[in-house]
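# Architecture and fold: a report
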Amino acid sequence: MGLVVNGLSKSFNGNVVVKNLSFSCEEGKVFGLLGRNGSGKTTTLRMIMGIIKRDSGEVAWNGEKLSRQFERIGYLPEERGIYIKEKVSEQLIYFATLKGLSQKKAKSAVQYWLKKFNIEEYYDRKVETLSKGNQQKIQLIVSILHDPEIVLFDEPFSGLDPVNMEILKEVINELKVNGKCIVLSSHLMDFVEKYCEDVLLLKNGETIVSGKLSKIKGDYNRKNLIIRTGEDIRAVLDKKGIFVSEALENQYTAKVKDEQEAQGLLQQLVADDVSILRYELTEPTLHEIFIEKAGD
Amino acid sequence: MNGFMKVLKYTYKSQTTSKSFIITTLIFILIIVGMMFLPSVIENLSANDKQDICLVDETGILSDNLDGLKNEFAESFNWNVASKDDMDRLIGRIHDDSIYGILAVTGGKDGLPEAEFITKRVTDDKHIKALHDYLQVRWSSAVLNKLQLSDEQKNLLTSRAGFKVEQLGKSFEDTYLLSYILMMILFMSILMYGSSVAGGVGYEKSNRVMEILITSVKPTQLLLGKTIGLGLAGLTQFFSYIIAGCGFYMLFKPKNATLGDLTFNISNINGLILVYLVIFFLLGYFFYATIYAGFGSIVSKNEDLPVVTMPLAMVLLICFFITMYTMTSPDGSIAVIFSIVPFSSPITMFTRILTTDVPLYQILLSIFVLIASIGIFGWLAARIYKVGVLLYGNMPKLKDLVLLVKNDQ
């Protein structure tokens, strides 16, 4: 059954920040929450966690109402939320025991995850001595070290260098394979495209698109066509009303409405006996969809 | 072990191992030990300081028996004899502090000596009185000899009526210094630890670690765990002061010292006093800590914290001054009232116990009122805390806060 979010809404001082938001995420799936800065992603995640009181809506986990102190949930806040002046190991163990782990289990979990993120040597260090990226890693460990069933990540990749990003991608994949339900907000479109089956795009608190990523791409009313011909076919393209974004030495990057439009062009060119050197029809990238739908 | 105990353990451990805690404890122990020994050190120093003093005696009443004069004041004065012509020069020497004073004796009617003591420092009246007394003794002796009385008559004339003073209860001079110091320690500990609770809450909120905490334990457990954890740390500090103080006292047994008329009598501190100190520290701490926690939970930026904690600190300071005022009349009605009112009672009642005999029913009433107040204010603070910890942004106005708390149930 998984996580079911239904009709979440929130206003601050009369401003609607999140409007009637609904989605669901099953075990073993990664759900992508997308949107520009300030679109309501963090507020949504906070409402699911119970940190912000929702104006309306329900959140259920496996059919039951999700309680704020539910132990099997992990949360990575957008801003740093750890004790700066205390030792890494001590507070990690503390947070883990608060979530129900025994002292012994917490200790071994801390050691496991520090090793996984390549920061074993910081076991006894104070958090303030770590770099920003390493502090982010500590924050990540806080959210997963108690082996939660649900994980909410708010911009987990921010502050990580490419190497650490790869480590995190592996970790998320591992969690997914282990049957966890993961909801994350991110700006990394290529990551979301690769790992998320379902996404939701927010704009000013409203849901612009949501659902299976493949369906969203399929429904998108434009496909990318790259065509390279032996001669100039500008006139043909213009006559057919096909929008060309780039034309360089007979290679044209165009946007077609659907496959039929592309096929129609192809047939025309064949009929006109134009030599075709390259013909590539691709789905729109999430990046493109995002910019168009979430932009002003 | 439920959430409350986990929070308590962690709070206690991280507080007692923090650098600032250890340093503060050591500094206070040094201060306490220093205060025990300092008065006797000062006394020793000043006892060896004999002052230079000049005698200008026209009558001979003192200058005829210089050895007797020097013996009488062997510990305090170095005597120099001078003549009347030197007066101007000698007065100059008083001004530049090279001599303490001049005792000028002239003859008056019927040989009655008139003495004048010229000095810059009249406040040292212990010595001045001694000089007067000595002169009087010599004069009486001279008169007795002139009258040619028998020994029996001389004895009768010089006999003094008996006059004993019996002090009931505790004397002001005996207890003032000690009470002042202990009262200061109590006041400062309550202020320090109470405000550190607000500081801790504010830190967790501005740091966002609060988001991790309240999604792991219930807010009430968090509040209690932090407050009691910090309280226990404060108690640990207190006990280390007491142990260190007693330890040093047993080992070195510093003398009781005097500062003017007031004595610093360490032996006045018995076990019962320490018990009361601990009781009133705990009660005072918990009373103020719960209020501090409630106030601290409303702010979300560290800069706003002084805004809410200052009023409380002011209240504590006012209670401090009230207690100072009542120390001179610890049985007066103001003292009694403020030793029951929960805001001031920890400090005021404790001070009254030191300076006077307080009836047991009053002590029990004070403790009972404090416990009840802690319950009431604690309940209120918990309601505010539950709502406050999730409030971010600007500080809420009072009516908004009241609405939020009401709607929370």
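Here the structure is a predicted model, which means the values were calculated and not measured. (Residues numbered from 1 in each chain as written. Chains lettered and ligands numbered in written order. Predicted model: local features only at pLDDT ≥ 70, side-chain atom pairs only at ≥ 80, totals over all residues. Heavy atoms only, no water.)

### Describing the domain arrangement of chain B
- Per the domain assignment, the segments making up chain B are domain 1 (2-37 + 172-407) and domain 2 (48-158).
- Distance from the C-alpha centre of domain 1 of chain B to the C-alpha centre of domain 2 of chain B: 56 Å. (Domains from an automatic or database assignment.)

### Quick word on a nonpolar patch on the surface
All names here are of chain B.
- A contiguous nonpolar surface patch, about 410 Å² in accessible area, is contributed by Met310, Met314, Leu317 and Phe321.
- For leucine 317, the location among the structural elements is in helix α11 (residues 305-326).
- On the basis of relative accessibility, which here comes to 31%, the residue leucine 317 falls in the partly exposed class. (Patch = residues over 30% accessible without salt bridge, like charges linked within 9 Å, V, L, I, M, F, W, Y side chains within 5 Å. Areas by Shrake-Rupley, 256 points an atom, 1.4 Å probe, with all protein chains shown as cover. Salt bridge = Lys/Arg side-chain N within 4 Å of Asp/Glu carboxyl O. Helix = DSSP H or I, 4+ residues; strand = E, 2+ residues; numbered from the N terminus. Buried < 20%, exposed > 50% of the residue type's maximum accessible area, 1.4 Å probe, protein only.)

### Some points on the nonpolar core
- Judged by nonpolar contacts, the single largest core of 123 residues is most densely connected at Phe95, Leu114, Phe117, Phe153 and Ile172 of chain A together with Phe280 and Phe350 of chain B.
- For this core, the element with the most residues is helix α10 (residues 271-296) of chain B, which contributes 14 residues.
- When residues no more than four places from it in sequence are discounted, the contact partners of phenylalanine 95 of chain A are Ile82, Tyr83 and Val142 of chain A together with Val209, Ile212 and Leu213 of chain B. (Core = buried A, V, L, I, M, F, W, Y, C linked by side-chain atoms within 4.5 Å. Contact = heavy atoms within 4.5 Å.)

### Considering the domain arrangement of chain A
Residue and element names in this part refer to chain A.
- Split by domain assignment, chain A resolves into domain 1 (3-217) and domain 2 (220-294).
- One C-alpha centre belongs to domain 1, the other to domain 2; they are set 40 Å apart.
- Listed as interface residues are 13 residues of domain 1 and, on the opposing side, eleven residues of domain 2.
- Summing both sides of the interface, domain 1 and domain 2 together bury roughly 1200 Å²; the carbon and sulfur share of this comes to 71%.
- By the criterion of area lost to domain 2, the three top residues of domain 1 are Met189, Leu201 and Lys217, representing 47% of everything that side buries. (Buried area = accessible area lost by both parts, 1.4 Å probe.)

### Here we look at helix α2 (residues 88-98) of chain A
All names here are of chain A.
- Counting buried residues in α2 gives ten out of eleven residues, a clear majority hidden from the surface.
- What α2 keeps buried is the set Val88, Ser89, Gln91, Leu92, Ile93, Tyr94, Phe95, Ala96, Thr97 and Leu98.
- One or two steps after α2, the chain reaches glycine 100, where phi turns positive at roughly 105°.

### Looking at the pattern of salt bridges
- Under the defined criterion, the tally for this structure stands at 23 salt bridges over all chains.
- We note a salt bridge from glutamate 79 of chain A to arginine 208 of chain B, for which the minimum N-O separation is 3.7 Å. Of the two residues, glutamate 79 of chain A is situated in the loop between β6 (73-76) and α2 and arginine 208 of chain B in the loop between α7 (172-207) and α8 (209-214); the pairing between them involves two chains.
- Residue glutamate 79 of chain A is classed as partly exposed on the basis of its relative accessible area, which comes to 38%.
- Salt bridges here are not isolated pairs; linked through shared partners, they connect Arg46 and Glu79 of chain A together with Arg208 and Glu211 of chain B.

### A word on the sheet that holds strand β14 (residues 276-282) of chain A
Residue and element names in this part refer to chain A.
- Strand order in this open sheet of four strands is β12-β13-β11-β14, and the pairing throughout is antiparallel. Sheet topology places β12 (243-248) and β14 at the edges, where each strand pairs with a single neighbour. Ignoring which end each strand starts from, the neighbouring axes of this sheet average 15° apart.
- Examined bridge by bridge, β12 and strand β13 (residues 251-256) share five bridges and lie antiparallel to one another. Opposite phenylalanine 243, over in β13, you have lysine 255 as the bridge partner.
- Packed onto the sheet, helix α9 (residues 259-271) meets β11 (223-229), β13 and β14 and runs at close to 175° relative to β14. (Pairing = 2+ DSSP bridges. Axes fitted to C-alpha atoms, helices over the stretch in contact; angles between N-to-C directions.)

### Looking at the packing of aromatic side chains
- Enumeration over the complete set of coordinates arrives at 31 aromatic pairs over all chains.
- Between the aromatic rings of tyrosine 83 of chain A and tyrosine 10 of chain B, the centroid separation amounts to 5.9 Å while the plane-to-plane angle is 35°, which identifies the pairing as tilted. Residue tyrosine 83 of chain A is located in the loop between β6 and α2, and its partner tyrosine 10 of chain B is located in helix α1 (residues 3-16); the two belong to separate chains. Just as tyrosine 83 of chain A is buried, tyrosine 10 of chain B falls in that class too.
- With 5.2 Å between their ring centres and 80° between their planes, phenylalanine 287 of chain B and phenylalanine 377 of chain B make a pair best called edge-to-face. Here the residue phenylalanine 287 of chain B occupies a position in helix α10, and phenylalanine 377 of chain B occupies one in helix α14 (residues 360-388), the gap between them amounting to 90 residues.
- An aromatic cluster is present here, built from Phe28, Tyr193, Phe238, Tyr241, Phe281, Tyr285 and Phe286 of chain B joined pairwise through their rings. (Phe/Tyr/Trp six-rings, centres within 6.5 Å; stacked < 30°, edge-to-face > 60°.)

### As for the confidence of the model for chain B
- Mean pLDDT over chain B: 83, with 91% of residues reaching 70 or higher.
- Here the complex is predicted with pTM 0.76, and the ipTM for its interfaces comes to 0.79. (pLDDT = per-residue confidence, 0-100.)

### Remarks on the interface of chain B and chain A
- Listed as interface residues are 24 residues of chain B and, on the opposing side, 28 residues of chain A.
- On the surface where chain B and chain A come into contact, there are two salt bridges.
- With its nearest N and O atoms 2.9 Å apart, the salt bridge here joins arginine 46 of chain A to glutamate 211 of chain B.
- Counting across the chain B and chain A interface gives nine residue pairs in polar contact (both at pLDDT 80 or more).
- For the side of chain B that touches chain A, the element with the highest residue contribution is α1 of chain B, accounting for six residues.
- Looking at side-chain class alone, the side of chain B that touches chain A contains ten nonpolar, six polar and eight charged residues. (Polar contact = N/O pair within 3.5 Å; in protein donor to acceptor, adjacent residues only side chain to side chain. Nonpolar A, V, L, I, M, F, W, Y, C, P; charged D, E, K, R; others polar.)

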